[in-house]
Amino acid sequence: MTRSATQPRRQEHPHLLVDMVNRIGDRTMSMLRFAGGFGVLCYQIAVEAFRPPYYFRLVIEQLFAIGTQSFLLVAITALATGSVMALQFGFGLQRFGGTLYVPKIVALTILREMGPVFTSLLVAGRIGSGIASEVGSMKVTQQVDAIRALGTSPIKRIVIPRLYASLIALPILTLFADYIGLFGAMMICQKELGINGQYFFQKVVETLRMYDLLTGMAKTIVFAFFISVTACWKGLNTEGGTQGIGDSTTWVVVTSSIFIMISDFFLTKFFIMTVFPKF
């Protein structure tokens, strides 16, 4: 009885170890598969992006879906972000007598970081998942195979219009979010911190330089590339019917957000070393 009772317990540990090794192997293989597929898709885009025919109508349709329909969401988020930042910096610096520095700090933070990153994360959540589900549905229902059968490249008809639309729409949305965020910060400074609107505007103009705006918008171009290409790759490789489409949308949002945060660090480091003044 003692041996038979203890025998299953002794066999549990090898099974747990095997399961852990299998999971690590599956994760590693999926990451390698994604890296290889992402690189191949980027090469295909580079080869076919400048070859006719050009589907301008599809680009305009995607611009409307990505840009116009995201304005309200971006405006609300930017207004709330600018207001909260003004509150936090204002009451935090008030203890040290630094309330008058709030316009400078808020302006630099919004244009360099918060505007581009928050807007890109919103687009990754809304547009990245939408692209993945749309392209995944086309893949599951064999519409992608039908496009190939008709002699048309799925890269040109599906991927490239969404990539172009993302590269155009995201910097514009970021510019819009920057101004809305500064407006929200100015309103809070007037109502809560006793800072005059004219003084706020004057300090913002004195502090900001063109490279503050351009570096933030340059980040969004990189973010837009990662969001659109990642979503299209996952959509084109979706399997498993409707459940596979749901898994693809979740995966795209998580992966795109990770790409945005990691690339933001390296881009910020690059701009500090090359663009921003050293004093």
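To keep things clear, this report deals only with the structure shown in the data block.

### Structural notes on the environment of Met 217
No. 1: Assignment of secondary structure puts Met 217 in helix α8 (residues 210-236).
No. 2: Aside from chain neighbours lying at most four places away, what touches Met 217 is Pro 171 and Leu 175.

### Focus on the packing of helix α3 (residues 71-93) against helix α4 (residues 102-140)
Any two packed helices are characterised by how steeply their axes cross, that is the angle between the axes, and by the distance between the axes.
No. 1: Where α3 meets α4, the closest approach of the two axes is 10 Å, and the angle between their N-to-C directions is 145 degrees. As α3 runs across α4, the sense of the crossing is right-handed. Packed against α3, whose contacting residues are Leu 73, Val 74, Thr 77, Thr 81, Gly 82, Met 85, Ala 86, Phe 89, Gly 90 and Leu 93, the element α4 presents Val 102, Ile 105, Val 106, Thr 109, Ile 110, Met 114, Phe 118, Thr 119, Leu 122 and Arg 126 at the interface.
No. 2: Here the contact of α3 with α4 is composed, by residue class, of 13 nonpolar, six polar and one charged.

### Considering the state of the cysteines
Here a disulfide denotes one covalent bond, and it connects the sulfur atoms of two cysteines.
No. 1: In this structure the tally under the stated criterion is zero disulfides.
No. 2: With no disulfide partner, Cys 42 has as its closest neighbouring cysteine sulfur the one in Cys 232, 11 Å distant.
No. 3: Classification of Cys 232 as buried rests on a relative accessible area of 1%.

### With respect to the packing of aromatic side chains
What describes a pair of aromatic rings is the distance from one ring centre to the other and the angle between the planes of the rings.
No. 1: Applying the stated criterion to the full structure yields 12 aromatic pairs.
No. 2: Plain terms: the ring middles of Phe 226 and Phe 259 are 4.6 Å apart, the flat faces sit at 5 degrees to each other, and that makes the pair stacked. Here the residue Phe 226 occupies a position in helix α8, and Phe 259 occupies one in helix α9 (residues 241-274), the gap between them amounting to 33 residues.
No. 3: Judged by its relative accessible area of 18%, Phe 226 falls in the buried class.
No. 4: The rings of Phe 38, Phe 225, Phe 226 and Phe 259 are connected pair by pair, giving a single aromatic cluster.
No. 5: Stacked on the ring of Phe 276, the Lys or Arg Arg 112 has its end atom at 3.8 Å from the ring centre.
No. 6: Between Lys 234 and the ring centre of Trp 251, over which it is positioned, the NZ or CZ distance is 4.7 Å.

### Focus on the pattern of salt bridges
Any two side chains of opposite charge can pair, so long as their charged atoms come close to each other.
No. 1: Under the counting rule described, the total for this entry stands at seven salt bridges.
No. 2: Arg 112 is the partner of Asp 212 in a salt bridge, and the nearest nitrogen-oxygen pair spans 2.8 Å. Of the two residues, Asp 212 is situated in helix α8 and Arg 112 in helix α4; the sequence distance between them amounts to 100 residues.
No. 3: Taking relative accessible area as the criterion, Asp 212 reaches 1% and is therefore assigned buried.
No. 4: Relative accessible area serves as the criterion here: at 23%, Arg 112 is assigned to the partly exposed category.
No. 5: Within the structure, one salt-bridge network assembled from shared partners comprises Glu 113, Lys 219 and Asp 264.

### Re α4
No. 1: The largest bend in α4 amounts to roughly 55 degrees and is located at Ile 110.
No. 2: Backbone geometry just after α4 places Gln 142 at a positive phi near 65 degrees.

### Considerations on the nonpolar core
No. 1: Leu 41, Ile 45, Ile 155 and Val 159 are the most contacted members of the largest nonpolar core, which totals 42 residues.
No. 2: Broken down by secondary-structure element, the contributors of at least two residues to this core are α1 (2-48), α3, α4, α5 (143-149), α6 (154-191), α8 and α9.
No. 3: Setting aside anything within four residues of it in sequence, one finds Ile 45 in contact with Ile 155, Val 159, Ile 160, Leu 163 and Val 229.
No. 4: Residues Ala 86, Leu 182, Ala 185 and Met 186 belong to the second largest nonpolar core, which totals 19 residues.

### Some thoughts on the packing of α6 against helix α7 (residues 197-207)
No. 1: Relative to each other, α6 and α7 sit at 135 degrees, their axes nearing to 9 Å. On the basis of their axis angle, the class for α6 and α7 is oblique. Both α6 and α7 take part in a crossing whose hand is right-handed. Note on element contacts: α7 touches α6 through Gly 197, Phe 200 and Val 204, opposite Leu 182, Ala 185, Met 186, Cys 189 and Gln 190.
No. 2: A class-by-class count of the residues in the contact of α6 with α7 yields six nonpolar, two polar and no charged.

Conventions used here
Residues numbered from 1 in each chain as written. Predicted model: local features only at pLDDT ≥ 70, side-chain atom pairs only at ≥ 80, totals over all residues. Heavy atoms only, no water. Helix = DSSP H or I, 4+ residues; strand = E, 2+ residues; numbered from the N terminus. Contact = heavy atoms within 4.5 Å. Axes fitted to C-alpha atoms, helices over the stretch in contact; angles between N-to-C directions. Left-handed = near helix turned anticlockwise from the far one by under 90°. Nonpolar A, V, L, I, M, F, W, Y, C, P; charged D, E, K, R; others polar. Disulfide = S-S within 2.5 Å. Buried < 20%, exposed > 50% of the residue type's maximum accessible area, 1.4 Å probe, protein only. Phe/Tyr/Trp six-rings, centres within 6.5 Å; stacked < 30°, edge-to-face > 60°. Lys NZ or Arg CZ within 6 Å of the ring centre and 35° of its normal. Salt bridge = Lys/Arg side-chain N within 4 Å of Asp/Glu carboxyl O. Bend = angle between axes of the 7 residues up to and from the residue. Core = buried A, V, L, I, M, F, W, Y, C linked by side-chain atoms within 4.5 Å. Parallel < 35°, antiparallel > 145°, perpendicular 65-115°, else oblique.

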